[in-house]
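Chain by chain, the residues:
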Amino acid sequence: MTQRKSKADRRLDLIEAAHRAMLLHGAEGVHLNQIAEEAGLTSGAVLYHYPDLRDLLIEAHHAGMERFYERRMKKISGISDPVEKLIVTIRSGLPDGPDDPGVRLLCELGGAAGRNRVYATLLTTLFDRQVSMYQTILETGAAHGVFTLAQDSETIARNLVALEDAYGYRIVARHHSIDSDRAVELILDYARLSTGNPLRPAGRR
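Residue positions are counted from 1 within each chain, in the order its sequence is given. Since the coordinates come from a predicted model, pLDDT governs what is reported: local features require at least 70, and pairs of side-chain atoms require 80 or more to be given and counted, while whole-chain, interface and lining totals use all residues. The side-chain numbers reported here are obtained from all heavy atoms of the structure, hydrogens and water having been left aside.

If you look the chain up in an unreviewed UniProt entry, it shows as TetR family transcriptional regulator from Microbispora siamensis.

**What to know about the overall build of the chain**
A run of DSSP states H or I qualifies as a helix once it reaches four residues; a run of E qualifies as a strand once it reaches two. Both are numbered from the N-terminal end. Within the chain one finds ten helices and zero strands. Starting at the N terminus, the α and β elements of the chain follow one another as α-α-α-α-α-α-α-α-α-α. Referenced to the eigenvectors of the C-alpha coordinate spread, the extents of the chain come out at roughly 60 × 35 × 30 Å. Counting the 205 residues in the chain, one finds 40% classified as buried. Exposure is judged per residue with a 1.4 Å probe applied to protein chains only, and the accessible area is read against the type maximum: over 50% gives exposed, under 20% gives buried, and values in between give partly exposed.

**Section: the pattern of salt bridges**
Just to be clear on terms, a salt bridge is a Lys or Arg side-chain nitrogen sitting within 4 Å of an Asp or Glu carboxyl oxygen. According to the stated counting rule, one finds eleven salt bridges in the structure shown. Arg-20 serves as the salt-bridge partner of Glu-38, at 3.1 Å between the closest nitrogen and oxygen. Of the two residues, Glu-38 sits in helix α2 (residues 32-39) while Arg-20 sits in helix α1 (residues 7-25), which places them 18 residues apart along the sequence. A relative accessible area of 27% places Glu-38 in the partly exposed class. Overall, Arg-20 belongs to the partly exposed group, its relative accessible area being 35%. Measuring nitrogen to oxygen at the nearest pair gives 2.6 Å for the salt bridge that ties Glu-164 to Arg-72. In this pair, Glu-164 is assigned in helix α9 (residues 153-172) and Arg-72 in helix α5 (residues 70-76), connecting sequence segments 92 residues apart. Accessibility expressed as a relative area gives 3% for Glu-164, which makes it buried. Classification of Arg-72 as buried rests on a relative accessible area of 2%. One connected set of salt bridges, linked through shared partners, spans Glu-185, Asp-189 and Arg-192.

**Section: helix α8 (residues 117-143)**
Expected helix span is computed as 1.5 Å times (number of residues minus one). Over its 27 residues, α8 extends 38 Å from the first C-alpha to the last, a length consistent with the 39 Å expected when each residue adds 1.5 Å. Contacts are assigned to residue pairs with any non-hydrogen atoms lying within 4.5 Å of each other. Considering only its buried residues, α8 is in contact with α4 (53-65), α5, α6 (82-91), α7 (101-113), α9 and α10 (180-195). Counted as a polar contact is a pair of N or O atoms within 3.5 Å, where, for protein atoms, one must be capable of donating a hydrogen and the other of accepting one, and residues adjacent in sequence contribute only when both atoms are in side chains. One side-chain oxygen of the residue at the start of α8 lies 3.0 Å from the amide nitrogen of Val-118, identifying that residue as Asn-116. In the stretch just after α8, Gly-145 is the one whose phi turns positive, near 75°.

Okay, structure coming up:
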């Protein structure tokens, strides 16, 4: 006998269906019936869980953004070495490849942000949180004498996040000479100049 899904599980399924629908139809152009089709449900069933479709879209975008802050923070939480922490943070901020759905969704959101205040606020909040994440790493490294910062930590952190965004877009756009590995090295080159550290993984120092 098939176990009936809980309300929470059903909402998670709808968030994933909304992700897929937005990738197919755009962050602004997606409609209720398209999300319902992706979820394998009727439009009425979707509205049962999300009476206001905007709430579902906002939750879907927020869930997609967790990867770029909450999950990264969790990933580096057990790393004490500032050098290793900075390298891992840079690597985890880029798409796996041109078809990476999380980054493609962020690109869709970015395209709509100029016309949608809610999306703009979500992106601004994500940017600021990522800057804070990098600032903490930079300042910790400087306090331990591992980094010699070329500029204030906020400026360096903002540039690191901006480089992630720029190269992430180029990867998704299938730039012929920029893949994930190349983008990591390009960002690390800037980080090396900014921290005065060669930023080699622990096994290569």
